[in-house]
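What follows is the residue order along each chain.
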Amino acid sequence: MSMVNSAETQPSGPFEILADYERRSLAHVAGIPEQIDAPGLWRGIGFRIGDNHMVSSISEVNEILTIPALTVVPGTQPWMLGVANVRGNLVAVVDLRNYIEGARTVMTDSTRVLVVRQHGGSVGLLVDEVLGQRSFSDEQRAQALGEEDERYSRYVGEKVQLGEILWGLFSMSVLVRTAEFQQASA
């Protein structure tokens, strides 16, 4: 009798097997490190723009890419590098250093594109280098300094010391809502 019961509970076709896998995997999901809330700890993705070390909230950076193939869009600002096809979605790619400082980013093996969501789609931000995840405690943030470089002060609310480096907490959401950033046509 036990053989009959076990045969009845086993999935019989391909669809049932896949549905069973999905059911069992969803029941077994463990906490993903990026989703575990650590009270008193702010976490972000560190990156470099020229000599400036920045960090943006993990929730603001959707993806990190090597430089994709770009299609130039005529009649745009010099900081607008073009559009890329990222898994079937068109993503505008902006040279972040050129946008903020007016100096082009020099492409190297370390150059990356940070994909950020904005109203109406995603935008890719070209940065000199991605430096991995950084975490700051409430105590570190309480000792934060203001951004002195006026070109960055609009996007960097505070700078926090971590080791030898002063990290600017860069707001991607402020950047993508800026009127000048949204006006990519020349």
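Per-chain numbering applies: the sequence of each chain, read as written, is numbered from 1 onward. Only residues with pLDDT of at least 70 get local features here, since the model is predicted, and only at 80 or more are side-chain atom pairs given and counted; chain-wide, interface and lining totals rely on the full set of residues. Side-chain calculation: all heavy atoms of the structure are included, whereas hydrogens and water are not.

A.B. asks: Is there a simple way to think about the pattern of salt bridges in this case?
C.D. replies: Working definition: two side chains of opposite charge can pair if their charged atoms are close together. We define a salt bridge as a side-chain nitrogen of Lys or Arg found within 4 Å of a carboxyl oxygen belonging to Asp or Glu. Evaluation of the coordinates by the stated rule reveals seven salt bridges. Measuring nitrogen to oxygen at the nearest pair gives 3.1 Å for the salt bridge that ties Glu101 to Arg97. Pair noted here: Glu101 and Arg97 are both in helix α3 (residues 96-101), with a separation of four residues, about one helical turn. Of the charged contacts, one joins Glu158 and Arg141 as a salt bridge, the two residues approaching to 2.5 Å between their closest N and O atoms. Only DSSP runs of H or I with at least four residues qualify as helices, and only runs of E with at least two residues qualify as strands; both kinds are numbered from the N terminus onward.

A.B. asks: I'm lost on the pairing of strand β6 (residues 112-118) in this one. Help?
C.D. replies: Remark: a regular strand shows side chains that alternate across the two faces of the sheet. The pairing of strand β3 (residues 63-65) with β6 spans three bridges and is antiparallel. Pairing of Leu65 across the sheet is with Val113, part of β6. Bridge analysis of β6 against strand β7 (residues 121-127) gives seven bridges, and the strand direction is antiparallel. Bridging from a neighbouring strand, Leu114 pairs with Leu125 of β7. Here a strand pair is declared whenever DSSP counts at least two bridges between the two strands.

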